[in-house]
Amino acid sequence: VQLLASGGGLVQPGGSLRLSCAASSSIRSINVMTWYRQAPGKTRDSVASIFSDGSRSYADSVKGRFTISSDNANTVYLQMQSLKPEDTAVYYCHADLLMTSGSRYVGWGQGTQVTVSS
């Protein structure tokens, strides 16, 4: 199983991006999937999580601007709006999944760069 993160890029302050994290194999259910971000010289911090019961949690710094969602297939999204320069970071997805094979997968995607700059 691999997690493929995509959707990063360069955007102006106030702009929007949607990140995707897709599993390469079929998912039975998501136990939890979390988006993290890491800016240069800083720790990797959680940004948003989605849980098996559909509940979501967000870091205070992104509440009201970011939305995590799932397509109920094999992809989780992070919709980012009203982006600020301080949102600039490499964004990683981390997943704890139950696969249709019955096995459990826990792992990281490869990261996607988000740069917010004018």
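Here is a short report on the structure shown in this document. (Residues numbered from 1 in each chain as written. Predicted model: local features only at pLDDT ≥ 70, side-chain atom pairs only at ≥ 80, totals over all residues. Heavy atoms only, no water.)

### Focus: the environment of Ala-89
Applied cut-off: Helix and strand assignments come from DSSP, with helices taken as H or I runs of at least 4 residues and strands as E runs of at least 2, each series counted from the N terminus. We call a residue buried when its accessible area falls under 20% of the maximum for its residue type, exposed when it is over 50%, and partly exposed in between, using a 1.4 Å probe and counting protein chains only.
Take Ala-89: it is sitting in strand S9 (residues 89-99). Since its relative accessible area comes to 2%, Ala-89 is described here as buried.

### Here's the deal with the nonpolar core
Stated formally: As used in this record, nonpolar core signifies buried Ala, Val, Leu, Ile, Met, Phe, Trp, Tyr and Cys residues forming a set joined through side-chain atoms within 4.5 Å. The contact criterion used is simple: two residues touch if any of their non-hydrogen atoms lie within 4.5 Å.
Leu-3, Met-33, Trp-35, Leu-78, Met-80, Tyr-91 and Leu-97 are the most contacted members of the largest nonpolar core, which totals 31 residues. At the level of elements, strand S1 (3-6), strand S3 (17-23), strand S4 (27-38), strand S5 (44-51), strand S7 (66-70), strand S8 (75-80), S9 and strand S11 (112-116) are the ones that each hand at least two residues to this core. Examining the composition of this core, we find that six residues originate from one element, S9, more than from any other. If sequence neighbours within four positions are ignored, Leu-78 has contacts with Leu-17, Arg-18, Leu-19, Trp-35, Val-47, Ala-48, Phe-66, Thr-67, Ile-68 and Tyr-91.

### Examining unusual backbone geometry
Despite not being glycine, Ser-82 shows a phi value in the positive range, around 50°. Look at Ser-82 and you get partly exposed, because its relative accessible area is 41%.

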